[in-house]
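Overview (structure and organization)
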Amino acid sequence: MRTARLLIILLASLTLAACGSLPRNAFTAPEITGAAPQGMTSIRFNASDVGASVRFAEAARTRINNQKAFDVLAISGGGANGAYGAGVIVGWTKAGKRPEFDIVTGVSTGALTAPFAFLGPDWDKRLTQAYTGEAAGKILSRRGLDILFRPGFYNTEALRALVDKYVDPPLLYAIAIEHAKGRRLLIATTNLDTEQTVIWDMGAIASRGDAVSLKLFQDVLVASASIPGVFPPTLIEVEGKGRKLSEMHVDGGVTIPFFVAPEALLLWTSPDHGGAARPGNIRVIVNGKIGGGFSFTRGGTLSIIGRSWATMSKALMRTHLTASAAFARRNGGGLLYAAIPDDAEVDTSGLDFTAANREALFKLGYDSAVSGTAWIAPEVPVEPPPIDHASN
């Protein structure tokens, strides 16, 4: 019931912000084609662009040929539920079974977790502080009268302050070092102008090593975590054809719950399967519950919209898990996921940033990882029996 009430309050509040807007100069599709942020090319690709994603994977393919297995970690969105995923990662370290990931991807709150997961156990203390410290409790900072003029019920000042505090030059330097080894840190945002999932190569950004790259790195994390309507979008300045433009980016979870492979490649089978290709171990941290559960839905418009949104999000997550698991199996690997148990008595609305709820979520993830119960294999669809045409 608490989840439903939070969604209803949020949706009601959004009606007040409906007239808010961000000032922008209009541009056309040809003007934005090929645009690059701050002159930095080859740092991102659209998830639907198979050719670009293959080029970005060159370093990973070189790395995979020199080791026994290839480990990928994908972290989903979920707002405050990100404390659960942070707990899983720290508990995984405690259990002594956490691998060095070759690729780490993050969406929404998963984008905030991903840099620390990518860098390894030495950064667990910072990850823990980021999700259980006081700063995270201030993320939902209510706005004043400017809500009538700017989109989003909450401002991003506290979110930006959190990112600025924990994402600093030493972190970027450490990421650049790992990037040079062939490891990849990828973050997803949604470009509202193009309706595309944009995958950012954060190691390539970090490798530039200056104030401009630090600002862009931070902007991408904030954009990926900016739930539409809850927070204002993030405008990212790019160099278009002859002038500067601003792209509008929001939560990567609008278009993809987590990122394992580009959309078209989820149906792909490696021609090297069974030969030179190495098995891939894919782990997905789902910052939320994925099973359906009973909750009486009242007949009001906002209740129906809120319940429908939650139902749609869970269904999309289950579908994406199934498709990603099938992709892994076809290519000689496997996929396991960790999710908040459906019977867990915690607020999983994603909007409860109280210290008590964040600490409970973190402990839930930590304990499950330490005990070895966190990881689950998706159910394999049962192939239907062949139709006996002779009996018809």
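Structural data are supplied above this passage.
Here is a short report on the structure shown in this document. Just so you know, these numbers come straight off a predicted model, no measurement behind them.

As a further point, take the packing of helix H8 (residues 157–166) against helix H11 (residues 211–224). Here H8 crosses H11 at 135 degrees, and the two axes come no closer than 10 Å. What the angle tells us is that H8 and H11 run oblique. When you trace H8 past H11, the crossing you get is right-handed. Across the interface between the two elements, Leu159, Arg160, Val163 and Asp164 from H8 touch Gln218, Asp219, Leu221 and Val222 from H11. Taken together, the residues of the contact of H8 with H11 sort by class into four nonpolar, one polar and three charged.

Under the counting rule described, the total for this entry stands at three aromatic pairs. Note on Trp92 and Trp375: the rings are 4.7 Å apart at their centroids and 50 degrees apart in plane angle, and the pair reads as tilted. Placement of Trp92 in helix H5 (residues 82–95) and of Trp375 in the segment after helix H13 (355–371) is noted, with a sequence separation of 283 residues between them. There is no split in this pair, since Trp92 and Trp375 are both buried. One aromatic cluster in this structure is built from Trp92, Phe101 and Trp375.

This next bit is on the environment of Gly291. Within the secondary structure, Gly291 sits in the loop between strand E8 (280–286) and helix H12 (301–330). Sequence-wise, Gly291 and Met317 are 26 residues apart; in three dimensions their C-alpha atoms are separated by 9.7 Å. If near-sequence neighbours (up to four positions away) are discounted, Gly291 is found in contact with Lys314, Arg318 and Asp342.

Applying the stated criterion to the full structure yields twelve salt bridges. In this structure, Arg184 and Asp201 form a salt bridge, with 3.8 Å as the shortest nitrogen-oxygen distance. A residue pair is termed long-range when its members are at least 10 positions apart, and Arg184 in strand E4 (residues 184–191) and Asp201 in strand E5 (residues 196–201) qualify at 17 residues. Note on Asp201: relative accessible area 4%, which makes it buried.

This part takes up the pairing of E4. Within a regular strand, the side chains alternate between the two sheet faces. Within E4, eight of the eight residues are buried, which leaves it mostly tucked inside the rest of the structure. Of the two faces of E4, the one holding Arg184, Leu186, Ala188 and Thr190 and the one holding Leu185, Ile187, Thr189 and Asn191 are both buried throughout. Inspection of the sheet shows strand E3 (residues 103–107) paired to E4 by five bridges, in the parallel sense. By the bridge assignment, Ile103 is partnered in E4 with Arg184. Hairpin remark: E4 followed by E5, antiparallel, with four residues in the connecting loop; positive phi at Glu195, about 55 degrees. Note: E4 against strand E7 (residues 244–251), three bridges, orientation antiparallel. If you follow Thr190 over to E7, its bridge partner there is Val250.

All right, on to H5 then. A turn of α-helix holds 3.6 residues, and therefore any two residues three or four places apart point the same way. Between its first and last C-alpha atoms H5 spans 20 Å; for 14 residues at 1.5 Å apiece the expected length is 20 Å, and the two agree. By the criterion of burial, H5 is predominantly enclosed, with eleven of the 14 residues buried. Of all the residues in H5, the buried ones are Gly82, Ala83, Tyr84, Gly85, Ala86, Gly87, Val88, Ile89, Val90, Gly91 and Trp92. On its buried face, H5 is in contact with strand E2 (70–75), helix H6 (109–119), helix H7 (124–132), E8, strand E9 (334–339) and H13. Where H5 ends, the next residue or the one after it, Gly96, has phi of about 75 degrees, a positive value.

Before going further, it helps to spend a moment on the environment of Ala261. Its location among the elements puts Ala261 in the loop between E7 and E8. Each C-alpha atom of the pair Ala261 and Thr105 lies 9.8 Å from the other, and the pair is 156 residues apart in sequence. Excluding its chain neighbours within four sequence positions, the residues that come into contact with Ala261 are Leu266 and Phe327.

Interaxial distance between H5 and H7 falls to 10 Å at its minimum, and their mutual angle equals 155 degrees. Between H5 and H7, the interaxial angle falls into the category roughly antiparallel. In this structure, the crossing between H5 and H7 has a hand that is left-handed. For the pair H5 and H7, the contacting residues are Gly82, Ala83, Ala86, Ile89, Val90 and Thr93 in the first and Asp124, Leu127, Thr128 and Tyr131 in the second. Split by residue class, the contact of H5 with H7 holds six nonpolar, three polar and one charged.

To continue, consider empty space enclosed by the protein. Once rolled over the atoms, a probe with the size of a water molecule shows which space is left empty. Within the structure shown, the criterion is met by two cavities of 30 Å³ or more. Considering only enclosed or pocket space, the largest cavity measures out at about 160 Å³ in volume. Lining the largest cavity are 19 residues, and of these Gly79, Thr109, Leu112, Ile139 and Phe353 lie nearest its centre. Class assignment for the residues of the lining of the largest cavity results in 14 nonpolar, four polar and one charged. Of the pockets and cavities examined, the second largest cavity occupies roughly 100 Å³. Every residue lining the second largest cavity is listed: Leu112, Pro115, Phe116, Ala130, Tyr131, Leu162, Val163, Tyr166, Val167 and Leu221. Within the residue set of the lining of the second largest cavity, elements represented by two or more residues are H6, H7 and H8.

Thresholds applied
Residues numbered from 1 in each chain as written. Predicted model: local features only at pLDDT ≥ 70, side-chain atom pairs only at ≥ 80, totals over all residues. Heavy atoms only, no water. Axes fitted to C-alpha atoms, helices over the stretch in contact; angles between N-to-C directions. Helix = DSSP H or I, 4+ residues; strand = E, 2+ residues; numbered from the N terminus. Parallel < 35°, antiparallel > 145°, perpendicular 65-115°, else oblique. Left-handed = near helix turned anticlockwise from the far one by under 90°. Contact = heavy atoms within 4.5 Å. Nonpolar A, V, L, I, M, F, W, Y, C, P; charged D, E, K, R; others polar. Phe/Tyr/Trp six-rings, centres within 6.5 Å; stacked < 30°, edge-to-face > 60°. Buried < 20%, exposed > 50% of the residue type's maximum accessible area, 1.4 Å probe, protein only. Salt bridge = Lys/Arg side-chain N within 4 Å of Asp/Glu carboxyl O. Pairing = 2+ DSSP bridges. Expected span 1.5 Å × (residues − 1). 1 Å grid on protein atoms, 1.4 Å probe; cavity = no way out; pocket = protein on both sides within 12 Å on 5 of 7 lines; lining within 4 Å. Points joined across faces, edges and corners; volume = space filled by probe spheres on them.

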